Every structure is written in structure tokens, then in C-alpha cells.
Amino acid sequence: LRTAAIAAVIIIWFDAAWALNYRRVPIVGRVAFEPARLNARAVSAFSAAVVGDLNTTAPLAHADHASEAQMEATLAEAFHPVVRRLGDGYDVLVSRPKRTLFDGWFGLAGIGGQWDPFAYETGVNAEFLPFERPFAIAHEWGHVAGFGDESDANLIAALTTLRSKDALIRYSGLFWAYGFLPDADRRALRLSPLVKADLEAARKRFLRRYEPRLAKLQWYVYDKYLR
């Protein structure tokens, strides 16, 4: 009975701290989304804008030497207005990303980070390259704000990073946004040698310890317990 009671407390704690967020209205239901505007011409124009900004911002991002704490403070300034604009009036207490005991597993399973509702801590893959970190941190902060869907967290991270005037933060958003562009657009648009080098560095970082079978197991378990 004591074991059952402890399990019940943990389940209720998890529901109250995190799981009930999956009943929240997703972003697509919070904004004036017009599917008709999502056409091939608009997407191609967006892709060209992303690649153009990516090439222009890359040298500035690599020249930026702000400390990690300064970067996170600047990122938070861009993050809070995004959450408020999506309809939540409360202030989100963002947590500084920390190294965790799961860093090794993150690399093996291809995980970028994790929000721990029990400890109210954000964990981000310690192997991320500097230009990968801002977007990843903003993504986890999206979860901190109560947005459980991964796509919603990605959109919050994109809006946060792309609206920032900091070169490294903006470059991080452009870098991750590039990965979501249509394959046809990515093949047609030309990247600068510096951006190509960053893409290759990120690819090598990802594949260094990545195990597809463990990644498949991770997402299977993740999907099951959330349902």
C-alpha cells in the first residue's frame, strides 16, 4: 500500500507539473492561421530569405564572443515577448540549462535536451556546438512555458531566435530553420563555405556517438508514456 501511495503521488505530481499541459490549446489554435497563405511561392520566398540571412549572419556569429550567461540573458529577453504574444500573460521562470547525468544518453539517442518538471531544471545536450545551443535552449524554455508539443516548442524557439538582434542567437535560429526547409529549396539555394562547414561540423557532432536503435527505443518509450 505504501508503494502504491508513493506511485500515486509521483503520478499526480507529474500530471500537475507537466502532463496536463498536453490538454492546452496548441499554437495553431491560438493564432490567426490561414492555410491558404502556405503556398509553394511563399515557402520558396521564405527559404531564400533564410539562406540569404544565414550566409550574411555567419561571419558575425562566429565573431561574437559573449559569455554563456550573457547569451542566455539576451535569449530570455527575446523569449518572454513571444510567450506573451501567444496568449499567456504570466511570466515564465526560465531555468539555466545544466549538465545532467543523461548527457551520455542524449548523444546516443540523438536527443537535444529535456525539461525536468520534478526538479524544474532544463538539460541541454552538452555536445551541442555554440551556434546550436541558443535554439535548443529556447526550445526547452518553450516546454517550461507549458507548450508540450515538440512542433510548438520548435516554433517558439524559431520566433525567439529569429527576432533577436544578437548575431549568434539569430544565426542559431537560421541554422535550425534551414534544416526544416523543403529539400528542393535547399538543393537550389547556395550556402557560403562557412555555413557549409558549420553544417558538416554539426553532422559529425550528431553522428559521433549516435545509435539509431537506441534512438528508436527512446522515442517508442517517450510516445508510450505520454499517451
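Preceding this section is the structure that the text describes.
Here is a short report on the structure shown in this document. (Residues numbered from 1 in each chain as written. Predicted model: local features only at pLDDT ≥ 70, side-chain atom pairs only at ≥ 80, totals over all residues. Heavy atoms only, no water.)

## Observations concerning helix 3 (residues 68-85)
An α-helix turns once per 3.6 residues; consequently, residues spaced three or four apart project the same way.
Argument step 1. Relative to the 26 Å expected for 18 residues at 1.5 Å per residue, helix 3 spans 26 Å between its end C-alpha atoms, a close match to the ideal helical length.
Argument step 2. Taken together, the buried positions of helix 3 are occupied by M71, E72, L75, A76, A78, F79, V82 and V83.
Argument step 3. Phi turns positive, to about 110 degrees, at G87, one or two residues after helix 3. (Helix = DSSP H or I, 4+ residues; strand = E, 2+ residues; numbered from the N terminus. Expected span 1.5 Å × (residues − 1). Buried < 20%, exposed > 50% of the residue type's maximum accessible area, 1.4 Å probe, protein only.)

## Overview of the packing of helix 7 (residues 167-180) against helix 9 (residues 193-207)
Argument step 1. With their axes 12 Å apart at the nearest point, helix 7 and helix 9 run at an angle of 70 degrees to one another. Comparing their axes, helix 9 and helix 7 come out roughly perpendicular. On the side of helix 7, the interface is formed by Y171, F175 and Y178, while helix 9 contributes V195, D198, L199 and A202.
Argument step 2. Counted by class, the contact of helix 7 with helix 9 contains 6 nonpolar, no polar and 1 charged residues. (Axes fitted to C-alpha atoms, helices over the stretch in contact; angles between N-to-C directions. Parallel < 35°, antiparallel > 145°, perpendicular 65-115°, else oblique. Contact = heavy atoms within 4.5 Å. Nonpolar A, V, L, I, M, F, W, Y, C, P; charged D, E, K, R; others polar.)

## Observations regarding the pattern of salt bridges
Argument step 1. With the rule as written, the count across this model stands at 12 salt bridges.
Argument step 2. R30 is the salt-bridge partner of D88, the closest N and O atoms lying 3.4 Å from each other. Placement of the pair is D88 in the loop between helix 3 and strand 1 (97-98) and R30 in the loop between helix 1 (2-17) and helix 2 (40-63), with a sequence separation of 58 residues.
Argument step 3. Owing to a relative accessible area of 9%, D88 belongs among the buried residues under this scheme.
Argument step 4. Between R96 and E72 there is a salt bridge, and its shortest N-O distance comes to 2.6 Å. (Salt bridge = Lys/Arg side-chain N within 4 Å of Asp/Glu carboxyl O.)

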